[in-house]
Amino acid sequence: MPAIPALWQFGADVLLLFLLVLSGIALAESGGTPGQRGEYVFRVAGCAGCHTSKEKGAPALAGGRELKTQFGAFYSPNITPHREYGIGRWSTEDLARALRRGESPGNIHLYPVFPYPSYAGMSNEDIRALMAYLRRVPESNRPNQPHDLPWYLRFRALLYLWKLLFHSPETFAPQAGKSAQWNRGAYLVNVLGHCGECHTPRNRFGALDSTRYLSGNPDGPEGEAVPNITPHPGDGIGDWSSREIREYLKSGLMPDGDVAGGVMADVIDNSLRYLSDDDLDAMVTYLESVPALTKLRR
Amino acid sequence: MHRWIFSAPLTAALLMVLAGARIVAAEDDESTIKYRQSIMKSVGGHTGAIYEIVKNNNPNKDHLKRHASALDDLMGMVQAAFKRQTSGGKTRAKAEIWSDAAGFSNAASDAEAASGAFVAATESGNDGEIAKKLDELLDTCKGCHKNYREKKD
């Protein structure tokens, strides 16, 4: 008689083990715990590059990095969980509002040097995961540094008008008729990776010129010209094979054996090198599909 | 009057010498730039070949040590090639190479050390170690390219 309950017990144990394995697989496929997933989102979104000063030994994510633009010099803010100097008092909804609408708590309009025109497309899931990660990074009490801008650009209320004209906070929607890989690539290039923010020329008001998307920017950040990454054979990367694009994103190595420099080297070091193989392939698929444009010559 | 007669040929001679020196300096700049660009192109050639063997399974695996050794030799020439400051010319070298000579020297020394470590890895024959040291070497290339080279438009 005791053999039957023992058999039931054994069966229950096997079932439990099976369920545990299944849940483990499900967790791995969804990118691990929210913190792990958040770290991945954080990497792909390239937060570290702008939110950490270039000074030697500067605390990570404590801001202070100078971003020189044609409008003046901006200094990135502290995004560590410090309650006074960082974003320790922010809720996930506050983060979502900053990323999508370009507003921080207190209805303060943010300058679009923070690339919310691109981040606006982020999924709820990615924003929640990002917040879970940002709450875990070490705090820093580094105070924020005021931007160095001409007087007329210090009126943040003007940004409300700017947003009315140039910003549409819409969450990314996959395009029907395109593959899952292409849509993932579009999300990575246009939203999380915000490639267009540097690789697209801007109009006189600092908004991206969508008719010349990814065709390079002669007046890029830090005074650098930023190359055309459309598949144009002469002006862009149309001569690069899929593998060459993928290798460049992963390591910075170019087809001629040269290695990336400038801001892009930071982007690779802080962000792109952490991408999964599937995400790299998705980015390549999408980049190869965008319209081939000539670069803007000045 | 006498003093003027004596000084005129002297002044003319001095101007000719200065003009000559200027031409020589310009030629030197051109040669300096061409020389260092040739070195860097050779570095790129070996790096590209190494990458194909290590990361993309190119069958010329028996060439790997020779590429590594040649690359290491070239890396040892980089600092000397950039020692002389140039101004203008067809170059993407930034003035910071010379205004921040210590920073440039540290970054270039890191790359030299990484190429030496890559040679050692190829001697070991351990594929995992070779791939790891190649990644580290590419990182050190960025160390100089980030701050000391103009971006290509």
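Here the structure is a predicted model, which means the values were calculated and not measured.

Trainee: Explain the overall build of chain B here, please?
Mentor: Within chain B, the secondary structure is distributed over five helices and zero strands. The linear arrangement of helices and strands in chain B, starting from the amino end, is α-α-α-α-α. Per-residue burial for chain B yields a buried fraction of 34% across its 153 residues.

Trainee: It is not clear to me how the interface of chain B and chain A should be interpreted in this structure. Could you clarify?
Mentor: Size of an interface, as often reported, equals the accessible area lost when the parts are brought together. Taken together, the contacts link 20 residues of chain B with 24 residues of chain A. Summed over both sides, the interface of chain B with chain A buries roughly 1900 Å², with 49% coming from carbon and sulfur. Looking only at chain B, the three residues that lose the most surface to chain A are Lys-142, Lys-146 and Lys-151 of chain B, adding up to 36% of its buried area. Seen at the junction of chain B and chain A, the total is six salt bridges. Measuring nitrogen to oxygen at the nearest pair gives 3.1 Å for the salt bridge that ties Asp-139 of chain B to Arg-273 of chain A. If you look at where chain B meets chain A, you find 11 residue pairs in polar contact (both at pLDDT 80 or more). Elements with a contribution of two residues or more to the side of chain B that touches chain A: helix H1 (2-55) and helix H5 (127-148) of chain B. Ranked by residues supplied to the side of chain B that touches chain A, first place goes to H5 of chain B with seven residues.

Trainee: Help me understand helix H6 (residues 124-134) of chain A, please; the structure alone is not making it clear to me.
Mentor: Think of an α-helix as 3.6 residues a turn; residues three or four steps apart then line up on the same face. All names here are of chain A. Along H6, eight of the 11 residues are buried, which leaves the element largely enclosed by surrounding structure. For H6, the set of buried residues is Asp-126, Ile-127, Ala-129, Leu-130, Met-131, Ala-132, Tyr-133 and Leu-134. Against helix H2 (34-45), helix H3 (47-51), helix H4 (92-101) and helix H8 (180-192) lie the buried residues of H6.

Trainee: Would you take a moment to explain the packing of aromatic side chains for this structure?
Mentor: For any two aromatic rings, the description comes down to two numbers: the centre-to-centre distance and the angle of the planes. All names here are of chain A. If you walk through the whole model with that rule in mind, you get 12 aromatic pairs over all chains. Residues Trp-151 and Tyr-152 carry aromatic rings whose centres are separated by 5.7 Å and whose planes lie at 90 degrees to one another, so their mutual orientation is edge-to-face. Taking relative accessible area as the criterion, Trp-151 reaches 62% and is therefore assigned exposed. Feature note: the residues Phe-114, Tyr-116 and Tyr-119 constitute an aromatic cluster, connected by ring pairs. Sitting over the ring of Trp-182, Lys-178 keeps its end group 4.8 Å from the ring centre.

Trainee: Please clarify how the layout of surface pockets should be interpreted in this entry.
Mentor: Gaps left between atoms are located by rolling a probe of water-molecule size over the structure's atoms. Taken as a whole, the second largest pocket holds about 1000 Å³ of empty space. Taken together, 32 residues line the second largest pocket, and the ones lying closest to its centre are Ser-53, Lys-54, Arg-65 and Asp-266 of chain A together with Asn-147 of chain B. When contributions to the lining of the second largest pocket are tallied by element, the ones reaching two or more residues are H2, H3, strand E1 (66-69) and helix H11 (262-270) of chain A together with H5 of chain B. Per-element tally for the lining of the second largest pocket: the top contributor is H11 of chain A, with five residues. Looking at the lining of the second largest pocket residue by residue, the classes come out as nine nonpolar, eight polar and 15 charged.

Trainee: What should I look at first to understand empty space enclosed by the protein in this one?
Mentor: Residues and elements named next belong to chain A. Evaluated as defined, the whole model comprises one cavity of 30 Å³ or more. By volume, the largest cavity amounts to about 40 Å³. Arg-37, Tyr-40, Val-41, Val-44, Asp-126, Arg-184 and Leu-192 together form the lining of the largest cavity. Contributions of two or more residues to the lining of the largest cavity are made by H2 and H8. Per-element accounting of the lining of the largest cavity gives the leading share, four residues, to H2. Classifying every residue of the lining of the largest cavity by side-chain character gives four nonpolar, no polar and three charged.

Trainee: Can you help me understand the environment of Pro-174 of chain A in this one?
Mentor: Note on placement: Pro-174 of chain A falls in the loop between helix H7 (157-166) and H8. Separated by 123 residues in sequence, Pro-174 of chain A and Arg-297 of chain A have C-alpha atoms that sit 33 Å apart.

Trainee: Can you help me understand the environment of Arg-84 of chain B in this one?
Mentor: Residue and element names in this part refer to chain B. By the secondary structure assignment, Arg-84 is in the loop between helix H2 (64-81) and helix H3 (96-99). Judged by its relative accessible area of 33%, Arg-84 falls in the partly exposed class. Polar side-chain contacts of Arg-84 include one of 2.9 Å to the side chain of Asp-29.

Trainee: Explain the domain arrangement of chain A here, please?
Mentor: Residues and elements named next belong to chain A. The domains assigned to chain A are domain 1 (33-171) and domain 2 (172-298). A C-alpha centroid distance of 22 Å is found between domain 1 and domain 2. Opposite the 27 residues of domain 1 that make contact, domain 2 presents 26 residues. In terms of surface lost to domain 2, no three residues of domain 1 exceed Tyr-40, Arg-43 and Val-44, which account for 27% of the buried area on that side. Between the two partners, domain 1 and domain 2, sit 12 residue pairs in polar contact (both at pLDDT 80 or more). The set of elements that each furnish at least two residues to the side of domain 1 that touches domain 2 consists of H2, E1, helix H5 (116-119) and H7. Top element by residues in the side of domain 1 that touches domain 2 is H2. It accounts for five residues. Partitioned by chemical class, the residues of the side of domain 1 that touches domain 2 number 13 nonpolar, seven polar and seven charged.

Definitions and cut-offs
- Residues numbered from 1 in each chain as written.
- Chains lettered and ligands numbered in written order.
- Predicted model: local features only at pLDDT ≥ 70, side-chain atom pairs only at ≥ 80, totals over all residues.
- Heavy atoms only, no water.
- Helix = DSSP H or I, 4+ residues; strand = E, 2+ residues; numbered from the N terminus.
- Buried < 20%, exposed > 50% of the residue type's maximum accessible area, 1.4 Å probe, protein only.
- Contact = heavy atoms within 4.5 Å.
- Buried area = accessible area lost by both parts, 1.4 Å probe.
- Salt bridge = Lys/Arg side-chain N within 4 Å of Asp/Glu carboxyl O.
- Polar contact = N/O pair within 3.5 Å; in protein donor to acceptor, adjacent residues only side chain to side chain.
- Phe/Tyr/Trp six-rings, centres within 6.5 Å; stacked < 30°, edge-to-face > 60°.
- Lys NZ or Arg CZ within 6 Å of the ring centre and 35° of its normal.
- 1 Å grid on protein atoms, 1.4 Å probe; cavity = no way out; pocket = protein on both sides within 12 Å on 5 of 7 lines; lining within 4 Å.
- Points joined across faces, edges and corners; volume = space filled by probe spheres on them.
- Nonpolar A, V, L, I, M, F, W, Y, C, P; charged D, E, K, R; others polar.
- Domains from an automatic or database assignment.

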